[in-house]
Amino acid sequence: MRVIPGAWRRTAEGAGLLAADGSSRPTIFAEMSALAARTGAINLGQGFPDEDGPQEVLDAARAAIANGVNQYPPGRGIPDLRLAIAEHQLRFYGLRLDPERDVLVTTGATEAIAAALLALVDGPDDEVVVFEPYYDEYAACVALTGARLVTVPLAWPHFQPDLDALRAAVTDRTRVILVNDPHNPTGAVFSAEVRAEIVRLAEEADAVIVTDEVYEHLIFDEPHVPLATLDGAWERTLTISSGGKTFATTGWKIGWISGPADLVDAVLAVKQYLTYVSGAPFQPAIATGLRLPDTYFTDAAAALRSKRDILGAGLTAAGFAVSRPRGSYFTVADAADLGATDADAFCRALAESAGVVAIPLTAFVTAERRDRYRTLIRFAACKRVEVLEEAAARLSRLR
């Protein structure tokens, strides 16, 4: 008999993590990556680059290993990385942080999100507002806290929330508004009006804003605007980012969370019992990355913009309707004109029919809203140019 402890079963059921037979279900990323490996399809599903990051960053990690930086670092992260994070926030956004109190290094942004929600949310009387579709971790972590997940839908093709729907979602039970901008899975960047309304509503509800900004430097049309920089936002905002996307080092899992010291301390109280610390030799390497010249960051965004355009042109030529992303690794396309009625089934067939793997957008939504997104598919552009060109050529067979 398979036994799943009650707390885990409730969490898994609440987040849709159990299969029909009650066994644990792999994430959609694991499923589709396995499908790509099994069929030989090009994997445009999981969002990881197939090129290494900047040489200076890689060399700094090698040097740290050679020089003995291989044991537990301090619980808050090595001082120089915390300093580099504070320098980065001042350099790019004008935010002044105390690296001793306002910054915490985490095992990727994923742990930062989990620790923040576990620290700030206290059971079934609390609500967490997220924008839907959402990164799948959000629902799982909210379920783990026992709180209620409240979703605000983003509408095709621009994926901006309706402000009336946002206002209706935020109530006096809202403990956290969780914001992902630039947005995964849609590639949207929220408008100034949306950002201002999030801050206003958080203040009105006395809620904490937790922001997932891992794509902050992979934005195509305008500079990134952290919510923490808006009037009245700093004192109630925790800002999360990581080095994985910016420096193409997703396997290193070096992230961070910053904000007012009392909120960061609350996150630390949980984080220290999750991983405690991680990635000792990678921490000085990410500090090196954060201090790279401005040209590195602008060139990285420009390179991804070019890849976005290659992918978008290939999808359009194949017969998809395409939402033009303004940031992140991802492009969302509508397969309705190709006869799709179910994105999940279409993606599984696509591996065989075109030799390309993608992710159904329905993997990122609640069951009640699946129909709204039933023909939408997420493709990742963070691959080598020649891989994207080959994927475009394979997709052209769909015509």
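Residues numbered from 1 in each chain as written. Predicted model: local features only at pLDDT ≥ 70, side-chain atom pairs only at ≥ 80, totals over all residues. Heavy atoms only, no water.

Annotation of the protein in UniProt includes, under Sequence similarities (unreviewed entry), the sentence "Belongs to the class-I pyridoxal-phosphate-dependent aminotransferase family." What the UniProt record of the protein gives under Cofactor (unreviewed entry) is the line "pyridoxal 5'-phosphate". (UniProt positions renumbered as here; feature names shortened; annotations may be inferred.)

1. Remarks on the overall build of the protein
Across its full length, the protein carries 13 helices and 14 strands. The C-alpha radius of gyration computed for the protein amounts to 21 Å, which stays within 12% of the reference 21 Å derived for 399 residues, consistent with globular compactness. Residues classed as buried in the protein amount to 57% of the 399 residues present. Contacts spanning at least 24 positions in sequence make up 75% of the contacts within the protein whose residues lie at least 6 apart. Working note: accessible area of the protein is about 16,200 Å², and carbon and sulfur atoms make up 51% of it. With 38 positive and 52 negative side-chain charges, the protein shows a spacing of 4 Å between the two charge centroids. (Helix = DSSP H or I, 4+ residues; strand = E, 2+ residues; numbered from the N terminus. Rg over C-alpha atoms; globule rule 2.2 N^0.38 Å. Buried < 20%, exposed > 50% of the residue type's maximum accessible area, 1.4 Å probe, protein only. Contact = heavy atoms within 4.5 Å. Areas by Shrake-Rupley, 256 points an atom, 1.4 Å probe, with all protein chains shown as cover. Lys, Arg positive; Asp, Glu negative; His and termini not counted. Charge placed at Lys NZ, Arg CZ, Asp CG, Glu CD.)

2. Re the state of the cysteines
What the rule picks out here adds up to 0 disulfides. Residue C347 stays outside any disulfide, its sulfur separated by 16 Å from that of C382, the closest cysteine. (Disulfide = S-S within 2.5 Å.)

3. Some points on the pattern of salt bridges
Pairing is possible between side chains that carry opposite charge, provided their charged atoms lie close to one another. Scanning the model with the defined rule gives 27 salt bridges in all. The salt bridge involving R62 is made with D59; its shortest N-O contact spans 2.9 Å. On the criterion of helical spacing, the pair formed by R62 and D59 is a turn pair, its members being 3 residues apart in helix 3 (residues 55–66). Given the relative accessible area of 38%, D59 is considered partly exposed. Between R91 and D294 there is a salt bridge; the shortest N-O distance is 2.6 Å. Within this pair, whereas R91 is found in helix 4 (residues 79–93), its partner D294 is found in helix 11 (residues 294–318), the two being separated by 203 residues in sequence. Note on R91: relative accessible area 35%, which makes it partly exposed. The exposure class assigned to D294 is partly exposed, which follows from its relative accessible area of 46%. One continuous salt-bridge network, built from bridges that share partners, spans D164, R167, E197, R200 and E204. (Salt bridge = Lys/Arg side-chain N within 4 Å of Asp/Glu carboxyl O.)

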